[in-house]
Amino acid sequence: SQLPTDTITITMSVSFTLNGRNVTVTNPDPLMTLNEYLRTVAGVTGTKLTCGEGGCGACTVVAQVYDATIGANVTISLNSCLRPLCSVGGMNITTVEGIGSSRTGFHPIQERLADNNGSQCGYCSPGMVMQMYSLLENNSNPSRQDVEDHFDGNICRCTGYRPILDAMKSFCPEGEETQKTCSSRDSCKNKDNHTLNEDGSKSHCCINHAFPDIEELVAPKYPKYQPPQHMAKPVNAPPPHPSSSSSSSITSYASVSASSPVVWVTCSSLPSLATTLAKYSAPEYIVKLVVGNTSVGIYKDDSPNVLIDIHTIPELKATSNTATSVTVGSAVTISDLITKVTGWASSLPNASSYTYLATHLTKVANIQVRNVASWAGNIMLVNLHDDFPSDVCTCLMTFGATLTIMKSSGSTFTVSMTDFLQTDMRGCAILSMTIPLTQQNEQVRTFKVALRHENSHAYINCGLRAVLDSSMKVTSQPTLVYGGLAAKTIRMTQTEKYLIGQQINSVAVLQGALTILKQEALSVLSTVPGKTGYRLSLVASFFYKALLGMLPPGTITPNLLSAAQPYIRPESSGIQSFTTQPSESPVSMPVPKLKSRIQASGELKYATDVAQPAATLHGAIVQSTVACGALASIDPSAALSAPGVVAFFSAKDIPGQNNWGEPIVGQEIFASTTISYFGQAVGMVVADTFRHALDASKLVKVTYNTDGVSPILTISDAITANSFHPESPLMPTGAPIVSGNVDSGFAQSDKLVAGQLYVGGQQHFHMEQHITIATPTESGGLSLRAATQSLATTQQVVASALNMPENLISVETGNIGGSFGSKISSSIPASCAASLAAMSLNVPVRVETTLNQSLELYGKRNPMMVQYQVGVMNDGTLKAMHVVVYTDYGYWYDASPGTVNTFVTTIDNCYYLPNMRVDALACKTNLPANTSMRGPGWVTAVFAMENIMDHVATQLAMNPDTFRQMNFYANGQYTPYGQPIANFNIPRMWSAVQTSSDYKDRLAVVQAYNTANRFTKRGVAISPVKFGIGWGGAQYGVLLNVMPDGTVNISHSGIEIGQGINTKVAQVCAFELGIPLSSVQVLSSSTLTVPNASTTGGSITSCVNSMAMINAAQILNARLAPVKQSIINQNGPNAPPPTWQQIITAAIQQGVDLQAKGWEVPSPPPAGIYNYFSYVTAISEVMIDVLTGEVQILRSDILFDAGISLNPAIDIGQVEGAFVQGCGYYLTEEILYDVTSSNPGALVSNGTWEYKPPSSKDIPIDFRVTLLADSPNPVGVLGAKGSGEPPLAAACTAFLAVKRAVQAARSDIGLQGYFQMDSPATVENIQTKCMPQTSSFPF
């Protein structure tokens, strides 16, 4: 409803500094975030936007904030995507541009991140830089562990984190042991002598023992860090926050729509807060008190119309303590609370248990969020929402906290945490909490399990507080709390009462308590949907762990100690080893990416950063809200009346073909008659700003005729419904693959082994979302700046949609902020939509998707179900295999046929199968059409085959490593699809990686560990990988231009997506022309310079564009040869050879054309479908918690065959990044759809809250990568092999190691033999397969 007019009579101005300059914004928009202001108003685009949820860190900036409690400024990092512009008054805001640039001088953080190869696509780099900057501003001498702990809020999808952490650790003080010794010191083959030589190489390390004559990526030694003088500093003292100079409220107003105004009120005192609460107490006001505003990252549909900023009210920032308790104001941030609690734990009597509170609070969200979010705001989410598993609430309830709450009248009352959750907080505000100091002999334990190790909400959490006497008897009613189990955080009072007077070290007491606890849990569990069995099991696991942890260590059976004591992850480290070819320099040299420094400084302009004319409009996609049915009507009238809205477009407005796709066209740009999946595009709203367009898109009224049809969401659903796509004649899958006679092979076999496994999908989760800017040209066409891997296809599809000739459409792409295959085809709809609006309105139009939309609108890696039967001899010889693969295509083909084709031709992996058949079925579901993702089909095939090999070995009672090795291919054999095997490096790599990793010794160590530990287990596994690379049908080009001063510009047909193609092509150019690498510049790719080229992908683009580069250089060199000879003739035979500059000057004088175009159409292989194979062997060791399913990757050793690497630093980065992405695929990245009746088919894991790519603490603790020496590729460019995809499947070793650990746990309860575990092996799946038996928990 319309707010009273008196609320807008006072306007607000916000004053702050931005990169050292004073800024004042009058009457700011209450809904504008700092990020929106920076990027769209201030033009400071180095600060990125990815998730808008505070979950990725790309938007990180640093703020200097005045803290009245200490009378000084403090420096924090924060998420600019969550911070309201209205709330930055008095702050000094610093963005990545403010600390260094190519013009003012790079900051050491920017330099070191780039020089240590910590920036691939670069989209996350500014956020990484600013997060480290905040650490150094607070601590110029951080420990290496400080650095390790500081990046829980920053996601990198490319690098695997290792080089980022190494770069940041270079700021740590010199002299620490971890900088002087080999990180393999605990298991080094020569562990008695592992010091580093002066040059940084290992003197007698196990790595050198296994791979002689090998080099390593050793970080350069840096001087002690001193903040650069050129950094942006405030020009004067910070402008005062409005609250510091006035006791009255200050108000700002914004109109979101004619009927939805929003008011911002900044309160400076408790009286003004009470007055404001009273003013807006009527039911039509939805009031939200703001400290950090971080809840908008989770609950985006909450729509308050009154926002009250309380973050500087002095009373709410205060803390105090007495002899019996501590009191904390409600505006104290979680970070400050951690600091306070840590101090109290060491300084106050009977407060040692506060250590557990502080430790648990560090697991809440991430540093950027904790820096601004208040503890009170966190528990308010539990009050308001039934699905928020607050760790803060669980901890405070466990510690017996009480809350003081103020009413709008100014009066106060006190409630317990339990009562607070049922309190109507309308017109009220939390003032403070009081936590009692723990009593003598009182112990506290808290727990949390999440899908990822950091920055991940709990499945459930738990806290237990109890007073124990010397006999371990509970002397009074304890407090037992669970969050995430019921609708609200809850105390288990029946179990608490049972424990009074009981000895907790009694098995009988434990079982009695578990019986009651299970009954209590069951009574509330049904109110929380999803994963109920796992949550119920965790209830018992947490309780048992709490009791174990409270027992004196000497009274616990030794094999239970690891369950009683929380695992503390040590600092991670890595070794990277390779060889070079100095004669080919700069080729084969570990050169940092050419643009890595300007990526780290935020100067590199991605499509989303490009400055736009003032007339530019913005488009936002309107999405369907059902998964299947007929599209009945679309009414955009409400949207068209919203502020800033200019137009609405739907299928009827498209003048040409309403479809897109690569390689099979058929998906509609906007749905015309039929809805095929939840979130499908049905139209687009165009407005003056993206936020206006996005808000208005939700006002478009769409009706559907669903006729009660239930959507098909899984492969099992499709099989049941007989829902399959017919074979596409445009792109057949190639199945069935038939080799030999499978039936005969089965008949000859001693044993038949059959099974089934399921491999889930994976979301691309690229940091830069889909974006196109379409600009009308004077010729009546369009110029597109698009984030796409497919320039030519984008040009063709846009021209078709607009019914225009292709020569009127040009497409340009610079660097892309990640893709992993998504921007092969899924980028095209945004280009079509932007082009449609730009041509219709004759103005530039920018269309982009949010992260939520990117995940909802477009396909993912295909889920697959694999059924298999294998025939084998008793001696382990494989005879035959039949595989049937069911692939979830989604509602249309897209690239799925190609994915399946790859699967059926790679399921053999590294093993010879004389008789094999592979059948494939294409499941049609009500989901987006799944598409290519890094190693499509092949990654799943390797995973399937490695699980099959484990299954067969188990049935034979044979060592799985021996079984694998005896079935390896041999040179001269043929694959089932007729590919000859040559240069098969797996046998020597298999042996080498075992030697370098001390594999056999570690197997014994793992076995001994498992014998000695009941509830933590370890596993170690080795696996080989064969990756076929074929470039038949590909075509790429390079345009080479030489300037009069001898410098060179290159435009090639590949797209830089983080894989380093620009750097590799430039290295080849420098090598072929004999010029310095610094003389070569790589420009954006465009259909105007190199048209008609193939899509970037398949791990071939860097190599084939380098071939085209060689072609162009040879053409140019041939033209320059006579010029060079003429100079030699003129100067005489004894004169020095002419320089490059002399040759170019003479060539220009002689009218020689200094532009050359290379075009490469590589020949297909003479036999089979692949030109060559890349190989990987890897070993991973893991540790699991049997009671919770949590897993740590302790160590991974990867040996990768890159041929003669064009750039070892880039290729090692590809190995590490792909491996960690694979760990996410196999362990944490779970895709969830709503299967309830409310929103069937809606993607639940549509953002950072539910979808969890690996974080920096999910990588191997000990991470080693070696590039195989002496392995030139006879058909690769300069002997090189592709590196972008092959290492990803090696991460299946982490999965297989988890299975080994699970098997060890199952053996303890008498379960032997093979068991199937589907992927991903989430904490839930791991714990479920471990099958912890609560009825036999020991002490």
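These numbers come from a predicted model, not from an experiment.

Asks: Please explain the environment of Leu857 as it appears in this structure.
Replies: Counting through the fold element by element, Leu857 comes out in helix α28 (residues 851-857). For Leu857, a relative accessible area of 2% gives the class buried. For Leu857 and Leu927, which are 70 residues apart along the polypeptide, the C-alpha to C-alpha distance reads 9.2 Å. For Leu857, the contacting residues outside a window of four places in its chain are Ile621, Gln623, Tyr677, Gly679, Gln680, Ala681, Thr849 and Pro928.

Asks: Quick question: what am I supposed to make of the packing of helix α38 (residues 1292-1308) against helix α39 (residues 1323-1330) here?
Replies: In a pair of packed helices, the angle between the axes and the distance between the axes together describe the arrangement. Contact geometry for α38 and α39: axes closest at 8 Å, N-to-C directions at 30°. Of the residues in α39, those in contact with Val1298, Val1302, Ala1305 and Arg1306 of α38 are Ile1326, Lys1329 and Cys1330. Residues of the contact of α38 with α39, tallied by class, amount to 5 nonpolar, no polar and 2 charged.

Asks: Quick question: what am I supposed to make of the nonpolar core here?
Replies: A general tendency of soluble globular proteins is for nonpolar side chains to be buried together. With 242 residues, the main nonpolar core has Tyr482, Phe543, Phe903, Ile907, Met1109 and Tyr1226 as its most contacted residues. Contacts of Tyr1226, omitting those with residues within four sequence positions, involve Val939, Phe943, Leu1288, Ala1289, Ala1291, Cys1292, Phe1295, Ser1319, Pro1320 and Ala1321. Ranked by size, the runner-up nonpolar core spans 47 residues in total, among them Val326, Val364, Met380 and Val481.

Asks: Please explain the sheet that holds strand β27 (residues 737-739) as it appears in this structure.
Replies: On the basis of which strands lie adjacent, the open sheet formed by 5 strands has the order β27-β35-β34-β33-β28 and mixed pairing. Strands with a single pairing partner mark the edges of an open sheet, and in this sheet they are β27 and β28 (751-759). Here the strands of the sheet are splayed against their neighbours by 10° on average, with no regard to which way each runs. Direction of pairing for β27 relative to strand β35 (residues 915-924): antiparallel, over a ladder of 3 bridges. Looking across to β35, one finds that Ser739 is bridged to Met916. Along the sheet face, helix α30 (residues 938-956) touches β28, β33 (864-872) and β34 (878-890) and points at about 140° away from the line of β28.

Asks: Looking at this structure, I do not really get the sheet that holds strand β1 (residues 13-18). What am I missing?
Replies: By way of backbone hydrogen bonds, the strands of a sheet pair with one another, either parallel or antiparallel. The 5 strands lie next to each other as β2-β1-β5-β3-β4, forming an open sheet whose pairing is mixed. What marks the edges here is a single partner per strand, and that holds for β2 (21-26) and β4 (72-79). Across the sheet, the mean angle from the axis of one strand to that of its neighbour is 30°, orientation sign disregarded. When strand β3 (residues 60-67) meets strand β5 (residues 92-94), the two strands line up antiparallel, connected through 3 bridges. Each residue of the ladder has a partner; that of Val62, found in β5, is Thr94. With respect to the sheet, helix α1 (residues 34-41) is in contact with β1, β2, β3, β4 and β5, its orientation differing from that of β1 by roughly 70°. In the packing of helix α3 (residues 125-138) onto the sheet, the strands contacted are β3, β4 and β5, and the crossing angle to β3 comes to about 30°.

Procedures and definitions
Residues numbered from 1 in each chain as written. Predicted model: local features only at pLDDT ≥ 70, side-chain atom pairs only at ≥ 80, totals over all residues. Heavy atoms only, no water. Helix = DSSP H or I, 4+ residues; strand = E, 2+ residues; numbered from the N terminus. Buried < 20%, exposed > 50% of the residue type's maximum accessible area, 1.4 Å probe, protein only. Contact = heavy atoms within 4.5 Å. Axes fitted to C-alpha atoms, helices over the stretch in contact; angles between N-to-C directions. Nonpolar A, V, L, I, M, F, W, Y, C, P; charged D, E, K, R; others polar. Core = buried A, V, L, I, M, F, W, Y, C linked by side-chain atoms within 4.5 Å. Pairing = 2+ DSSP bridges.

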